[in-house]
Amino acid sequence: MSMMSYNWSAFQGFPVDYNNGTFYKKISKSVGSTTHVCDQIPLTEDELEEVLTVDGNYKFMFAINNQFPAPTLVFHDQQVVSIRVYNDMSNEAVSFHWHGMFQTGSPWMDGVSMVSQCPIQPGEFFTYQFVASPPGTHWYHSHHGAMRRSGLAGAFIVLPKEGNERDDIPPVDKDAVFLAQDWQAAASDIEVVKEMEWLMYSSGKLGTQMRTYDGSVSSLTHPISRALVNGKTKSFSASDTENAKAVPMEIFNVTQNGSLLLRIIQTGMTGEYKISIDQHKLLLVGSDGGDLIPTWIDYLIINPGETYDVMVFGNNTPGNYWIRLETTEVLDFFYNPVQPNVSFAQLHYQEAEEALPDSEKRECTVSEPCVMANCHWSPDALKRWEPNTKCVPINEVKSTPKSVAQVPVPIPTSENDLQEVFLNFHFSGSDLISPRPAVNTIHYKGPPVPLQLYPNIVNDQTVVCNNQDMTSCGDYCQCTHVVKLSTSKVTQIVLMAEDGLSTGTAHPVHLHGNRYYVVKYGVGVINETSGLLQGPNQDIEYSPDYRSAKWRNSSWNNGNIPDMNVKDPPLKDTVVIPYKGYVVLRLKTENPGFWLMHCHLETHMSVGMAVVIQVGDPMEMPKLPDNFPMCSSYPAYNEPDSKSKSGSGEKSGSNHMEDDALLQLPSTDGGSTKSQSVGNSYHRDDNSMMNISVGWFVLMMILMVLFVFGFFALSVVLISRHCTWTFPARSRRGYHDIDTEERVVFSK
Ligand SMILES: [Cu+2]
């Protein structure tokens, strides 16, 4: 794959102007020695193929092989996959994660930058090679920085081996990829960055957030533009620009009495969506590669990181029907009712005329209620908004008997056979005004070298920490959080989302390299009068600082939890933890390696809501191939954060850069702080620290002024180069049904 950034400065991307049936690009032309004027040049046929319409706004984005969404990759179960990634970007490193793949025997191919490999630098390439497993609907995306949201994601389909196809679902006539994601309009990137600040609650964003059915905060970052389906979108908002009205919508074709399998993948950055098709039920048949007993549903709740297979049948009057992607927002931050934001795609019967749908949603009634799958709210909260809708949490969706027979639900044979960990995905900080994303109060920070390539770094307590090592962390604990699990025991992971705050979000948590059974699901306590969350689920008792937790009833220890489904629970790799609730997972951790477990909301993960699950001792892990690429030889630079500050005070060898780097900062008296610090290598005196702080302040002020000027300069360039244009519906590269001739299928 070759990757190109649609980067205005590199002139690899440009706005397109449509006029009288011809597409133009604008270029700058020199007149004389100094004057430049805008000129228009018709697009070539090749350039026409590359036009990405998205939401009609011109913005910076990334693409793989000039396509958005990225190409759909299709393999067969157990095939050896070889994918060479060329980083053609001018200024960004990258790595690729194959979301849902086990990577058994190849943990260094999992693609997590600085956990499984070094990032691929501009101009470099890296060849991923691994066995495609398990079968099902999966995807791939960048796992370095925050580029997934801007184009670096695509479908990764693993078909079953021949003869292993499912025989418990209706015949599939057509099979299509349905990539759903949130999208920020061109002007909002700075807002997104602002949202990702650690001090997000104190940055003035709080009042713009919305609330879902139980009053928990919507995970959607505002202002959003809308949801995309396969890179296209249609909205009928009053604020739509002419361009937004003109862009094409994604259309899925079905024949009368035919069937369509939709492989729905949520590749978004922040928001969850409620997906439905007017006047059509959906047959839910799979999730995250796990086969589910087919179940009729009306609404699918899907969060970033999850995949669902649903079947649609052409059993209604031939015509055109809306496919709706609704947000789950029903209240503004101050509890005033709001209407959800809706984006659209279309279901088209091939027997019908092509036209915009005029369909309505099916009415949910007492006698024929609607069913909402993957509902992570209390039924008591949902019924106030959707009175005739049944809330079906993910643990009530069942695996097929064949699936459970192939992967038995792990049951410990004795107390010693079970290892249980409690992981709280929450916001934490030294005060409630500035909470920060964390797991068990630890804010994840990447290690200076990839764990999988240098596994013994887990013994370096200046880098790695966990809940047993919390005393060496300060109040604000930031480090490479590693939780070690044995390969020989049944693992039970209890995920929680509680922070003692009155308001927060649910978190979709993804585990790399493994899948788990979701055996129990608990929501928070709902106020009977208001129908809103009033406190955490009482099954779990938290320590006052939320660093640790246990079952309130000790008879639940050792895996003896009542009402678990250990008969036929769903197999997942991404699950939503309800806010103030919990989820119990069962799995066999038999795949040695370092596996990231993280919230799949990019705004949470990229600033610390992650933990590495170390499966097995380094001795048990597969041997790294000879000549595997290692990182460059920059010495590690350790910030003097609270963890190292609150340690023994001894400088470790890896800290040797610390003082030199800090001492190069300017000081207010024009001299160097170095002279003031001579002879004081670690514990600086107050005077030198103050000079450094003032130096930092001056430097930050200079940088801020430069940034403000830089921002406006960039805005002017973008505005002056932006043209109003309309765009007719037309086919383009970037999306293919996977059963067409053009699919990328490798030979069996
Ligand atoms: Cu989260």
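Residues numbered from 1 in each chain as written. Predicted model: local features only at pLDDT ≥ 70, side-chain atom pairs only at ≥ 80, totals over all residues. Heavy atoms only, no water.

- An unreviewed UniProt entry annotates the protein chain as L-ascorbate oxidase of Magallana gigas.
- What UniProt records for the protein chain under Sequence similarities (unreviewed entry) is the sentence "Belongs to the multicopper oxidase family." (UniProt positions renumbered as here; feature names shortened; annotations may be inferred.)

## Some remarks on the overall build of the protein chain
So, step 1. What the protein chain contains, in helices and strands, is ten helices and 44 strands.
So, step 2. Counting all 748 residues of the protein chain, 57% fall into the buried class.
So, step 3. Of the contacts formed within the protein chain by residues at least 6 apart in sequence, a portion of 76% connects residues at least 24 apart.
So, step 4. Carbon and sulfur atoms make up 54% of the accessible area of the protein chain, which amounts to about 31,100 Å² in all. (Helix = DSSP H or I, 4+ residues; strand = E, 2+ residues; numbered from the N terminus. Buried < 20%, exposed > 50% of the residue type's maximum accessible area, 1.4 Å probe, protein only. Contact = heavy atoms within 4.5 Å. Areas by Shrake-Rupley, 256 points an atom, 1.4 Å probe, with all protein chains shown as cover.)

## As for the coordination of the copper ion
So, step 1. The coordination sphere of the copper ion, as far as protein atoms go, consists of His507 (ND1), Cys599 (SG) and His604 (ND1), spread over 2.0 to 2.1 Å.
So, step 2. Look at where the donors of the copper ion fall in the sequence and you get H-x91-C-x4-H. One end of the pair, His507, is in strand 33 (residues 507–511); the other, Cys599, is in strand 42 (residues 593–599), with 92 residues separating them in the sequence. In this pair, the class of His507 matches that of Cys599, namely buried. (Donors = N, O, S within 2.8 Å, 3.2 Å for Na, K, Ca; no water.)

## With respect to the pairing of strand 19 (residues 290–297)
So, step 1. The sheet contact formed by strand 18 (residues 282–287) and strand 19 spans five bridges and is antiparallel. Residue pairing in the sheet places Leu284 in a bridge with Thr295 of strand 19.
So, step 2. Hairpin connection, strand 18 to strand 19: the antiparallel pair is bridged by two residues, and Asp288 has positive phi, about 50°. (Pairing = 2+ DSSP bridges.)

## What about the sheet that holds strand 12 (residues 174–183)?
So, step 1. Strands sit in the order 14-12-16-21-18-19 across an open sheet of six strands; the sheet is mixed. Each edge of the sheet is formed by a strand with only one pairing partner; in this case those strands are strand 14 (226–229) and strand 19. Going from strand to strand, the sheet's axes swing by 25° on average, the running direction of each strand aside.
So, step 2. Bridge count for strand 18 against strand 21 (residues 307–313) is four bridges, and the pairing is antiparallel. When the bridges of strand 21 are listed, Gly286 appears paired with Asp309. (Axes fitted to C-alpha atoms, helices over the stretch in contact; angles between N-to-C directions.)

## Topic: the pattern of salt bridges
So, step 1. In this structure the tally under the stated criterion is 19 salt bridges.
So, step 2. A salt bridge links Glu386 to Lys274; the nearest nitrogen and oxygen atoms lie 2.7 Å apart. Of the two residues, Glu386 sits in the loop between helix 4 (379–382) and strand 26 (389–392) while Lys274 sits in strand 17 (residues 273–277), which places them 112 residues apart along the sequence.
So, step 3. Note that Glu306 and Lys572 form a salt bridge whose closest N and O atoms lie 2.9 Å from each other. With a gap of 266 residues between them, Glu306 in the loop between strand 20 (299–302) and strand 21 and Lys572 in strand 39 (residues 571–572) connect regions that are remote in the sequence. Summarising the burial analysis for this pair, Glu306 and Lys572 share the class buried.
So, step 4. Shared partners join several salt bridges into a network, and the residues in it are Lys281, Asp298, Arg362 and Glu368. (Salt bridge = Lys/Arg side-chain N within 4 Å of Asp/Glu carboxyl O.)

## Brief notes about the packing of aromatic side chains
So, step 1. Scanning the model with the defined rule gives 23 aromatic pairs in all.
So, step 2. Three or more aromatic residues joined by ring pairs make a cluster, and in this case those are Phe75, Phe96, Trp98, Trp108, Phe126, Tyr128, Phe130, Tyr140, Phe156 and Phe628. (Phe/Tyr/Trp six-rings, centres within 6.5 Å; stacked < 30°, edge-to-face > 60°.)

## Description of the sheet that holds strand 22 (residues 320–326)
So, step 1. Taking strand neighbours across the sheet as the criterion, the seven strands line up as 15-24-22-17-20-25-26 in an open arrangement whose pairing is mixed. Sheet topology places strand 15 (251–254) and strand 26 at the edges, where each strand pairs with a single neighbour. Adjacent strand axes in the sheet meet at a mean angle of 25° when their direction is disregarded.
So, step 2. Inspection of the sheet shows strand 20 paired to strand 25 (residues 370–373) by two bridges, in the parallel sense. Bridging from a neighbouring strand, Leu300 pairs with Ala373 of strand 25.

## Structural notes on the side chain of Gln492
So, step 1. Summarising the element assignment, Gln492 is placed in strand 32 (residues 490–496).
So, step 2. Side chain to side chain, Gln492 and Glu420 meet in a polar contact 2.7 Å long.
So, step 3. If sequence neighbours within four positions are ignored, Gln492 has contacts with Leu418, Gln419, Glu420, Val421, Trp551, Gly559, Ile561, Met564, Val584, Leu585 and Arg586. (Polar contact = N/O pair within 3.5 Å; in protein donor to acceptor, adjacent residues only side chain to side chain.)

## Comments concerning the environment of Gln614
So, step 1. Within the secondary structure, Gln614 is located in strand 43 (residues 610–615).
So, step 2. The exposure class assigned to Gln614 is buried, which follows from its relative accessible area of 4%.
So, step 3. Along the chain, Gln614 and Phe594 lie 20 residues apart, while their C-alpha atoms are 4.6 Å from each other.
So, step 4. Each residue touching Gln614, except ones within four places of it in the same chain, is listed here: Val458, Val482, Val483, Lys484, Leu485, Gly593, Phe594 and Met621.
So, step 5. At 3.0 Å, the side chain of Gln614 forms a polar contact with the backbone oxygen of Gly616.

## Some remarks on the confidence of the model for the protein chain
So, step 1. Averaged over every residue, the pLDDT of the protein chain is 80; residues scoring 70 or more account for 75%.
So, step 2. Throughout residues 197–205 the model reports pLDDT below 50, and contacts reaching past four residues in sequence, or to other chains, amount to 24 contacts.
So, step 3. This model gives residues 639–748 a pLDDT under 50, and the stretch forms 160 contacts once residues within four places in sequence are excluded. (pLDDT = per-residue confidence, 0-100.)

## Brief notes about unusual backbone geometry
So, step 1. The residue after Phe68, namely Pro69, is reached through a cis peptide bond having omega -5°.
So, step 2. By secondary structure assignment, the location of Pro69 is in the loop between strand 5 (61–64) and strand 6 (73–76).
So, step 3. Ser133 connects to Pro134 through a cis peptide bond whose omega is 5°.
So, step 4. Along the chain, Pro134 falls in the loop between strand 9 (125–131) and strand 10 (136–142).
So, step 5. Its identity is not glycine, yet Gln78 carries a phi of approximately 75°, on the positive side.
So, step 6. For Gln78, a relative accessible area of 40% puts it in the partly exposed group.
So, step 7. The phi dihedral of Met114 is positive, around 70°, even though this residue is not glycine.
So, step 8. You can see Met114 is positioned in the loop between strand 8 (96–99) and strand 9.

## A few points about the pairing of strand 25
So, step 1. Residue alternation in strand 25 divides its side chains into two sets, Cys370 and Met372 and Val371 and Ala373, and both sets are buried.
So, step 2. Here four bridges tie strand 25 to strand 26, and the two strands are oriented parallel to one another. Paired with Ala373 across the two strands is Val392, which belongs to strand 26.

## Digging into the environment of Tyr521
So, step 1. The residue Tyr521 is located in strand 34 (residues 516–522) in this model.
So, step 2. Looking at Tyr521, the relative accessible area reads 13%, which means it is buried.
So, step 3. Taking the C-alpha atoms as reference points, Tyr521 and Leu585, 64 residues apart in sequence, are found 9.2 Å from one another.
So, step 4. If we skip the residues at most four places from it in the chain, Tyr521 touches Cys375, His376, Pro393, Ile394, Asn395, Val575, Val576, Pro578, Tyr582 and Val583.
So, step 5. A distance of 2.6 Å separates a polar side-chain atom of Tyr521 from the backbone oxygen of Val576.

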